[in-house]
Amino acid sequence: MGLLSTLKQKAIATKEQLFPQTEFDEETLPWIDRADANVDEFIKKYKPKFEVSYNLAEKLKFWQKNGYVILEQSIQSELLDLFWADVEELVEHPQKYKMWARIDLPKFDPVRERHIEEFTKDDLKEKYVKLNDFHNLSVAGKKLMTHPAIVNFLDAVFQQKTVVMQSLTFMYGSQQPTHQDFPWVTAKIPSHLAAAWIPLEDIKIDSGPLYYYIGSHKMPKFNFGNGILYNNRSTRTALEFADYLDTKCADLKLPKDTLLIKRGDVLIWHAALAHGGGIITNPDQTRKSYVCHYTTEEALPFHRHRFGQPPVTEHYNGVGIYQNPDFGVQENILKAGEKWENK
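My aim in this report is to walk through the structure given alongside it, one point at a time. (Residues numbered from 1 in each chain as written. Predicted model: local features only at pLDDT ≥ 70, side-chain atom pairs only at ≥ 80, totals over all residues. Heavy atoms only, no water.)

With 14 residues, helix α8 (residues 238-251) should cover 20 Å at 1.5 Å per step; its first-to-last C-alpha distance of 20 Å lies within 8% of that length. By the burial criterion, the buried members of α8 are Phe241, Ala242, Leu245 and Cys249. The arc that holds every buried residue of α8, seen down its axis, measures 100 degrees, which confines them to one face. Of the residues in α8, the exposed ones pointing more than 90 degrees away from the buried face are Leu239, Asp243 and Asp251. Tucked into the core, α8 has its buried residues touching β7 (210-213). Downstream of α8 by one or two residues, Lys253 has phi in the positive range, about 55 degrees. (Helix = DSSP H or I, 4+ residues; strand = E, 2+ residues; numbered from the N terminus. Expected span 1.5 Å × (residues − 1). Buried < 20%, exposed > 50% of the residue type's maximum accessible area, 1.4 Å probe, protein only. Arc of directions from axis to C-beta. Contact = heavy atoms within 4.5 Å.)

Written out as structure tokens, the structure is:
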């Protein structure tokens, strides 16, 4: 690291210690998070891109109060089938593809996240596998994450150009401790973040289902010792963060709900909704799911792996998807989704 870089890092660290960020910036909040937000007035003027398959006003009010919404039976089974067929192709032939996967099992220590070709297909069928940014290989994945039902809602919330930030694909439950997304999935504007959780099968209680604290998006933010965003200068840990969220939500009497949604449903949640993965009580029960994070072009004008470089952008239903600079010619290599058209 050069002298200028070292001095810059020291300046940033000093600023974080003296003036840590303790909340989202009021000036850049999405309109719906502001104190004067009026959904009824917004709906009078908002023109969605696509025909809306749900009561948008009701969903926005629910989001405003609770920090999440469920769009019931919004995704067609055929599109889910196309996406999962791509996943199965990847798992059967990992040596053919360029991407990263993480398997949280001790036998893969000290490096649990690797190029997928370094795992066998049997490894990838084990528990605790997470496929990173599979959408860049899969046209079906891109069309699923930008389904009109999801786009209509995100466009209404952000009221800016929506872009995809990342995706995670799971076979089994994660059992991840309670967390909020914004400290880890970071853009230039932390409040410009939302996620979609798309089940690829009906979710069972013994699969380690997702849980969340209703209304927790409004709770006071956790200070990692240098502000609300986690980085290598933070002095407090992820487990301390989880303990704070569980304790504070209990103190605030925020209800804890378990997500048992059906294939075809979609959960969309707020950047600050406290959530986690429940305990798996049946080790053979899968929890096939596709998790997609979204932000705005203002908050992330470049691919997160190439800060400051102009991205190569594709557009699906008006949403920007940055091509992965590490995937090269393998971008969109799984083309079965090309035959899918919005229905």
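A separate point is the pairing of strand β4 (residues 129-132). Looking down a regular strand, the side chains alternate between one sheet face and the other. Strand direction decides the pairing type here: strand β2 (residues 100-103) and β4, joined by four bridges, are antiparallel. Within β4, the position partnered with Ile103 by the bridge is Val129. (Pairing = 2+ DSSP bridges.)

Of all eleven residues in helix α7 (residues 148-158), eleven are buried; the element is thus mostly enclosed. Of the positions making up α7, those classed as buried are Pro148, Ala149, Ile150, Val151, Asn152, Phe153, Leu154, Asp155, Ala156, Val157 and Phe158. Looking at the residues trailing α7, positive phi occurs at Gln159, about 50 degrees.

This paragraph deals with the packing of aromatic side chains. Where two aromatic rings form a pair, the distance of their centres and the angle of their planes describe that pair. Summed over all chains, the structure comprises 19 aromatic pairs. Residues Phe108 and Phe119 carry aromatic rings whose centres are separated by 5.2 Å and whose planes lie at 85 degrees to one another, so their mutual orientation is edge-to-face. Residue Phe108 is found in the loop between β2 and β3 (113-115), and its partner Phe119 is found in the loop between β3 and α5 (121-124); the two are separated by eleven residues along the sequence. Summarising the burial analysis for this pair, Phe108 and Phe119 share the class buried. Centre to centre, the rings of Phe302 and Phe307 are 5.1 Å apart; their planes meet at 45 degrees, and the pair counts as tilted. Residue Phe302 is classed as buried on the basis of its relative accessible area of 13%. (Phe/Tyr/Trp six-rings, centres within 6.5 Å; stacked < 30°, edge-to-face > 60°.)

Everything listed here is a matter of geometry and, on its own, says nothing about what the molecule does.
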